[in-house]
Amino acid sequence: MALIKNQHHVAIAIDGPAASGKSTIARNLARHLGLVMVNSGAMYRAVTWKILSLGIDPFDQDAVEQALENMAIGCGVDGCFSTIAIDGVVLHDELRSLQVNQAVSIVSAIPLVRERLVALQRDYLQRTSVVMEGRDIGSVVFPDTPYKIYVDASAEVRAARRSAEGVTDSVAARDHADSARATAPLVVAKGAVVLDNSDHTVASAVEASLDILRSQGLQW
Ligand code: DC
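To keep things clear, this report deals only with the structure shown in the data block. Because the structure is predicted, anything quoted here is derived from the model rather than measured.

Calculation criteria
- Residues numbered from 1 in each chain as written.
- Predicted model: local features only at pLDDT ≥ 70, side-chain atom pairs only at ≥ 80, totals over all residues.
- Heavy atoms only, no water.
- Helix = DSSP H or I, 4+ residues; strand = E, 2+ residues; numbered from the N terminus.
- Rg over C-alpha atoms; globule rule 2.2 N^0.38 Å.
- Buried < 20%, exposed > 50% of the residue type's maximum accessible area, 1.4 Å probe, protein only.
- Contact = heavy atoms within 4.5 Å.
- Areas by Shrake-Rupley, 256 points an atom, 1.4 Å probe, with all protein chains shown as cover.
- Lys, Arg positive; Asp, Glu negative; His and termini not counted.
- Charge placed at Lys NZ, Arg CZ, Asp CG, Glu CD.
- Core = buried A, V, L, I, M, F, W, Y, C linked by side-chain atoms within 4.5 Å.
- Salt bridge = Lys/Arg side-chain N within 4 Å of Asp/Glu carboxyl O.
- Near = heavy atom within 4 Å.
- Polar contact = N/O pair within 3.5 Å; in protein donor to acceptor, adjacent residues only side chain to side chain.
- Pairing = 2+ DSSP bridges.
- Phe/Tyr/Trp six-rings, centres within 6.5 Å; stacked < 30°, edge-to-face > 60°.
- Lys NZ or Arg CZ within 6 Å of the ring centre and 35° of its normal.

### A closer look at the overall build of the chain
Right, on to step 1. Helix and strand counts for the chain stand at 9 helices and 8 strands.
Right, on to step 2. Here the C-alpha radius of gyration of the chain, 17 Å, is about what a compact globule of 220 residues would show, namely 17 Å.
Right, on to step 3. Principal-axis analysis of the C-alpha atoms gives the chain an extent of 45 × 40 × 30 Å.
Right, on to step 4. Within the chain, buried positions represent 50% of all 220 residues.
Right, on to step 5. Within the chain, contacts between residues at least 6 apart in sequence are counted, and of these 77% link residues at least 24 apart.
Right, on to step 6. In the form shown here, the chain has an accessible surface area of approximately 10,100 Å², with 53% of it arising from carbon and sulfur atoms.
Right, on to step 7. Of the side-chain charges in the chain, 20 are positive and 25 negative, and the distance between the mean point of each set is 5 Å.

See below:
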């Protein structure tokens, strides 16, 4: 396992649209570099799961904000990966349900939800070096990190990836909502290098990502 040299807690930002392959790249980079992979989407999914479990309409912003006040959001680490718990319940597969897929872009557009989760995402860097993947990691969460990759792939490839996973997910609708929202929309962050992941294998995508990080000055 490689170690990052001469640096105190490093943040690597991996952003991009749904099903672009950024989680796979982030996971492999974390393993290769010996960092913790933080899945920020899981945090938005966890809050959404809780809102739905409480029977709250995700469009009812006041009700979501009120529920958020009483929600204990536990962000942990297990080995190389982030974990997420709400009110003491550690969440896994339920985060990928159709209901959560359909509501997560609505809940994650609420500024107070973002404020709370961005603070928790930044907390990780106090504890450890991270490869964090999401939509606004390079633009909002860690705008000052020099290590930023925007992973993209064609709409066809992304839709095919999700259906191969056997998941019902309206990727195009989610991307539209995530890119059009007022607060922290999906953008190519300043300084990010775009990696087109339409035709890469996992191994070649990870190699290409390491090349980008090297060109951005990361040493390991
Ligand atoms: O990465 P994912 O597809 O699991 O993310 C689920 C949703 O969470 C995504 O549609 C938008 C939201 N999200 C966000 O708004 N900001 C992030 N940094 C990560 C995810």
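### Re the nonpolar core
Right, on to step 1. In terms of nonpolar packing, the biggest core is built from 37 residues, with Val-47, Ile-73 and Val-113 touching the most fellow members.
Right, on to step 2. Apart from residues no more than four positions distant in its own chain, Val-113 is found in contact with Tyr-44, Val-47, Val-64, Leu-68 and Val-107.

### Points about the pattern of salt bridges
Right, on to step 1. In total, this model carries 7 salt bridges according to the counting rule given.
Right, on to step 2. Here Lys-22 and Glu-133 are joined by a salt bridge, their closest N and O atoms 4.0 Å apart. With Lys-22 in helix α1 (residues 22–33) and Glu-133 in strand β6 (residues 130–134), this pair connects stretches of sequence that are 111 residues apart. Both residues of the pair, Lys-22 and Glu-133, belong to the buried class.
Right, on to step 3. As a salt-bridge pair, Lys-50 and Asp-87 come within 3.2 Å of each other at their nearest N and O atoms. Of the two residues, Lys-50 is situated in helix α2 (residues 40–53) and Asp-87 in the loop between β4 (81–86) and β5 (89–90); the sequence distance between them amounts to 37 residues.
Right, on to step 4. Of the residues examined, Lys-50 reaches a relative accessible area of 16% and is grouped as buried.
Right, on to step 5. A relative accessible area of 36% places Asp-87 in the partly exposed class.
Right, on to step 6. In the salt-bridge network here, residues are joined through shared partners; they are Arg-135, Asp-178 and Arg-181.

### Notes on the side chain of Gln-121
Right, on to step 1. With respect to the helices, strands and loops of the structure, Gln-121 is situated in helix α5 (residues 111–127).
Right, on to step 2. A relative accessible area of 0% places Gln-121 in the buried class.
Right, on to step 3. Apart from the residues within four sequence positions on either side, Gln-121 is in contact with Ser-40, Met-43, Tyr-44, Met-132, Ile-137, Val-141 and Phe-142.

### Considerations on the site of the ligand
Right, on to step 1. Near the ligand you find 17 residues, and of these Arg-45, Arg-114, Arg-174, Asp-178 and Arg-181 are the closest.
Right, on to step 2. Here an oxygen atom of the ligand and a side-chain polar atom of Arg-114 are 2.8 Å apart.
Right, on to step 3. Asp-178 has a polar side-chain atom sitting 2.6 Å from an oxygen atom of the ligand.
Right, on to step 4. A total of 440 Å² of accessible area belongs to the ligand in isolation, and the protein chains cover 99% of it.
Right, on to step 5. When contributions to the shell around the ligand are tallied by element, the ones reaching two or more residues are α2, α4 (98–107) and α8 (171–180).

### Brief notes about the pairing of strand β2 (residues 36–39)
Right, on to step 1. Residues Val-36 and Val-38 point to one face of β2 and Met-37 and Asn-39 to the other, with burial holding for every one of them.
Right, on to step 2. Where β2 and β6 come together, 4 bridges link them in parallel fashion. If you follow Val-38 over to β6, its bridge partner there is Met-132.

### Describing the packing of aromatic side chains
Two descriptors summarise a pair of aromatic rings, namely the distance from one centre to the other and the angle between the planes of the rings.
Right, on to step 1. Applying the stated criterion across every chain yields a total of 0 aromatic pairs.
Right, on to step 2. One residue, Arg-127, lies across the ring of Tyr-124, its end atom 4.6 Å from the ring centre.

### Here's the deal with the environment of Arg-181
Right, on to step 1. Mapped onto the secondary structure, Arg-181 falls in the loop between α8 and β8 (193–196).
Right, on to step 2. For Arg-181, a relative accessible area of 8% puts it in the buried group.
Right, on to step 3. With residues up to four places along the chain from it excluded, the contact list for Arg-181 reads Ser-108, Ala-109, Arg-114 and Arg-135.
Right, on to step 4. A polar side-chain atom of Arg-181 sits 2.7 Å from the main-chain carbonyl oxygen of Ala-184.

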